[in-house]
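Below, each chain spelled out in residue letters.
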Amino acid sequence: MTLYIDPPNWPGHGRMWSHLVSDVSYEELHAFAALIGAPARAFDRDHYDVPGERYRDAVAAGAVEVGSKELVRRLTAAGLRRPKHRGGDRR
């Protein structure tokens, strides 16, 4: 089981955020997110948004710290990347 988290460098809603991903499955990701108390509403297509103040909790629970580019590389290599749609069909 390997989960990855990037540093809380993403601003939004008055706080900084990290992204939590799995390179194995969404099931693994959801199970880990539940373990650290991340609400289901924090799931966004292929990752969980984790507030900066919970970053250390995720790492203490076993998430591996990586940079944002490395996180996306691993997610893509695992075939789990679900990018936002750009224009046109938004289904």
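Keep in mind that this is a model prediction, so the values were computed, not measured.

(A) Quick look at the nonpolar core. In this structure, I5, L20, Y48 and A63 are the most contacted members of the largest nonpolar core, which totals 21 residues. Contributions of two or more residues to this core are made by strand 1 (3–5), strand 3 (15–22), helix 1 (26–35), strand 5 (47–51), helix 2 (55–60) and helix 3 (68–77). Among the elements that take part in this core, helix 1 stands out by supplying four residues, more than any other. Apart from residues no more than four positions distant in its own chain, I5 is found in contact with S18, H19, L20, V50, Y55, A58, V59, A63, V64, E65, V66 and L71.

(B) Structural detail: the pattern of salt bridges. Tallying each qualifying case throughout the model produces seven salt bridges. The partner of E53 in a salt bridge is R15, with the nearest N and O atoms 2.1 Å apart. With E53 in the loop between strand 5 and helix 2 and R15 in strand 3, this pair connects stretches of sequence that are 38 residues apart. A relative accessible area of 34% places R15 in the partly exposed class. Between R56 and E65 there is a salt bridge, with its nearest N and O atoms 3.2 Å apart.

(C) Focus on the packing of aromatic side chains. Applying the stated rule across the entire model yields two aromatic pairs. Between F43 and Y48, the ring centres sit 5.2 Å apart and the planes meet at 55°, which makes this aromatic pair tilted. You can call F43 partly exposed: its relative accessible area is 23%. For Y48, a relative accessible area of 4% translates into the label buried. Taken together, the ring pairs in this structure connect Y26, F43 and Y48 into an aromatic cluster.

(D) Region of the structure containing the pairing of strand 3. For strand 3, the tally of buried residues reaches six of eight residues, placing the bulk of the element in the interior. Across three bridges, strand 1 lies against strand 3 in antiparallel orientation. Residue L3 lies in a different strand from strand 3, and its bridge partner there is S22. Taken together, the three bridges between strand 2 (residues 10–12) and strand 3 define a ladder with antiparallel strand orientation. Paired with G12 across the strands is R15, a residue of strand 3.

Scoring rules and cut-offs
- Residues numbered from 1 in each chain as written.
- Predicted model: local features only at pLDDT ≥ 70, side-chain atom pairs only at ≥ 80, totals over all residues.
- Heavy atoms only, no water.
- Core = buried A, V, L, I, M, F, W, Y, C linked by side-chain atoms within 4.5 Å.
- Buried < 20%, exposed > 50% of the residue type's maximum accessible area, 1.4 Å probe, protein only.
- Helix = DSSP H or I, 4+ residues; strand = E, 2+ residues; numbered from the N terminus.
- Contact = heavy atoms within 4.5 Å.
- Salt bridge = Lys/Arg side-chain N within 4 Å of Asp/Glu carboxyl O.
- Phe/Tyr/Trp six-rings, centres within 6.5 Å; stacked < 30°, edge-to-face > 60°.
- Pairing = 2+ DSSP bridges.

By themselves, these observations are geometric and do not establish any function.
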